[in-house]
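Here is how the chains run, residue by residue.
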Amino acid sequence: MNISESKRLFAKAQDFIPGGVNSPVRAFRAVGGDPIFIKKASGAFIYDENDNAYIEMINSWGPMILGHNHPIIRESVIQAMESGTSFGAPTAREIEIAELIISVVPSVEKVRMVNSGTEATMSAIRVARGYTGKDKIIKMIGHYHGHGDSFLIAAGSGAMTMGQPDSPGVTAGTAKDTLLAPYNDLEAIEELVRLNKGEIAALILEPVPGNMGLAIPMPGYLEGLREICNREGIVLIFDEVMTGFRLAPGGAQELYGVTPDMTTLGKIIGGGMPVGAYGGRKEIMDFVSPSGPVYQAGTLSGNPIAMAAGLAMLKYLQSHPETYGQLLNIGRKVSEGIKKINLELGYDYTVNQVGSMYSLFFTDQPVTDFESAKQADTGLFGKYFQAMLQRGVYLAPSQFESLFLSTALTDELIDKILEAHRESMIEIHK
Ligand code: PLP
């Protein structure tokens, strides 16, 4: 495959942008080779600067549930643009999107729009701290909540991929208030709670983590967290930046029937525009300025174009509930197809799947937390990634990421993905 233009652009980008990219994982360092530079995307495909087409398995890290450049989102954005790009003042659309989110996400009684998942999680823990009058938070090892200082401690996603779980620049003072626990381990939480009695404001987690590769909550785990938080007066926050409106309309909390106190949402509710949101019980959200004392603000928050894109997406999902059955079918077909081919070839690698999210781990051991995810052979993953890319399938460039499938994947395209998978598996094990 000729990627000369991407190579040229990457060389040039490195003179002007740190590492040549605006977000670390994009540099392909974990898988080797040069990143491809994207010119456009449509439906199930993304196109590079040499006009090579790739089948999309990341979908902008989640938001493109309906595939790229969907006409309903495009039309809505174009129409909104006719009236201006930013007002820094309230608009009717903000009420509409808030009402829609509240009607669908079980834990959310009031919601504040922000501009990214990072802002959503940073703000949510500030509010939880203000509300409880406590300082400490619990996060899970290998979970990623954006790049706020409190979360860059044993973080997943790019931080894990780049081998920098603890970033320089995060002060010891901040780090001491972030307590760490392994995912899927209730006893570890009980222990932290015992050791820090009455000091913990919030427990934040990805209910279905996608940032150490995809892991699945064990039966009773989310319920157990809910019970501990109720008992100890800890604000339970589900970070549903990846899972909200993807795994079910109401996200993982709807799928697993466990309602947190607060929820963070992100890219999906912006239909691909820069958006985030945090919401929760009225009593907690009324602590947010100007109703309450906890400050949080944003010039571009509730931006009219972003709200138009998000509303178009969320209204479509609301009026087409069959989308979730489609997503589940697609997720199953791809992940079960991969598992079947692996077994035929004699490899019993772990495949975790929930709805339209899945990860293939290059280990035959179950992956349930960060430690088990780390057992995967990242060298082999890098070869697999390159082999799939050569065959026109665009995967996340790290073993420690989930893939996100869209409704644009037809049966024919799924067959192509599986064929590419079979050939790649044979090639990398030669
Ligand atoms: N929370 C989760 C679970 C995420 O997956 C991400 C990003 O992937 C974030 C927060 C941060 O979102 P953003 O990249 O929009 O700041």
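It should be emphasised that the depicted structure is a prediction, and the values quoted were computed from it without experimental measurement. (Residues numbered from 1 in each chain as written. Predicted model: local features only at pLDDT ≥ 70, side-chain atom pairs only at ≥ 80, totals over all residues.)

### Concerning the site of the ligand
Okay, step 1: Taken together, the neighbourhood of the ligand is formed by 17 residues, with S116, G117, T118, G146 and V241 sitting nearest.
Okay, step 2: The element best represented in the shell around the ligand is helix α4 (residues 117-132), accounting for three residues. (Near = placed C-beta within 6 Å. Helix = DSSP H or I, 4+ residues; strand = E, 2+ residues; numbered from the N terminus.)

### Side note on the pairing of strand β12 (residues 357-361)
Okay, step 1: Of all five residues in β12, five are buried, a share of seventy percent or more.
Okay, step 2: Where strand β11 (residues 350-354) and β12 come together, five bridges link them in antiparallel fashion. Within β12, the residue paired with V351 across the bridge is L360. (Buried ≥ 20, exposed ≤ 12 C-beta atoms within 10 Å, placed from the backbone. Pairing = 2+ DSSP bridges.)

### Concerning the sheet that holds strand β2 (residues 45-48)
Okay, step 1: In space, the four strands of this open sheet follow the order β1-β2-β3-β13, with mixed pairing throughout. Across the chains shown, the open sheet's two edge strands, defined by having one partner strand only, are β1 (38-42) and β13 (393-394).
Okay, step 2: Relative to strand β3 (residues 53-56), β2 runs antiparallel, the two being bridged by three bridges. In the strand pairing of β3, F45 is matched with I55.

### Focus on the UniProt feature "modified residue: N6-(pyridoxal phosphate)lysine" (unreviewed entry) in the chain
Okay, step 1: Per the UniProt entry, the sites bearing "modified residue: N6-(pyridoxal phosphate)lysine" (unreviewed entry) are K267 in this numbering.
Okay, step 2: Along the chain, K267 turns up in the loop between β9 (262-265) and β10 (276-280).
Okay, step 3: When residues no more than four places from it in sequence are discounted, the contact partners of K267 are S60, W61, G62, P63, G117, V241 and V275. (UniProt positions renumbered as here; feature names shortened; annotations may be inferred. Contact = placed C-beta atoms within 7 Å.)

### Focus on unusual backbone geometry
Okay, step 1: Of note, the amide linkage connecting S289 to P290 takes the cis form, showing an omega dihedral of 5°.
Okay, step 2: Within the secondary structure, P290 is located in the loop between α10 (282-285) and α11 (304-319).
Okay, step 3: Of note in this structure, N59 is not a glycine but carries a positive phi near 55°.
Okay, step 4: When you line up the elements, N59 lands in the loop between β3 and α2 (71-81).
Okay, step 5: For N184, which is not glycine, the phi torsion reads 65° and is therefore positive.
Okay, step 6: With respect to the helices, strands and loops of the structure, N184 is situated in the loop between β6 (178-181) and α7 (186-195).

### A short note on the sheet that holds strand β7 (residues 200-205)
Okay, step 1: Pairing is mixed in the open sheet, where seven strands are placed in the order β4-β10-β9-β8-β7-β5-β6. Where the open sheet ends on each side, the last strands, each with one partner, are β4 (110-114) and β6. Sheet twist, expressed as the mean angle between neighbouring strand axes with direction ignored, is 20°.
Okay, step 2: Examined bridge by bridge, strand β8 (residues 235-239) and β9 share three bridges and lie parallel to one another. (Axes fitted to C-alpha atoms, helices over the stretch in contact; angles between N-to-C directions.)

### Quick look at the pairing of β8
Okay, step 1: Most of β8 sits inside the fold, with five of its five residues counted as buried.
Okay, step 2: In β8, alternate side chains face the same way, and those of V235, I237 and D239 on one face and L236 and F238 on the other are all buried.
Okay, step 3: Pairing of β7 with β8, which is carried by four bridges, proceeds in the parallel orientation. Across the sheet, L205 pairs through a bridge with F238, a residue of β8.
Okay, step 4: As for the winding sense of the linkage, the β-α-β connection from β8 through helix α9 (residues 251-256) to β9 is right-handed. (Right-handed = clockwise from strand over helix to strand, strands pointing away.)

### Considerations on the packing of α2 against α11
Okay, step 1: For the pair α2 and α11, the least separation of the axes is 8 Å and the interaxial angle reads 150°. Classed by the angle they form, the pair α2 and α11 counts as roughly antiparallel. Remark: the crossing between α2 and α11 carries right-handed chirality. Here α2 contributes I72, I73, S76, V77, Q79, A80 and M81 to the contact with α11, which in turn contributes P304, I305, A308, A309, L311, A312, M313 and Y316. (Parallel < 35°, antiparallel > 145°, perpendicular 65-115°, else oblique. Left-handed = near helix turned anticlockwise from the far one by under 90°.)

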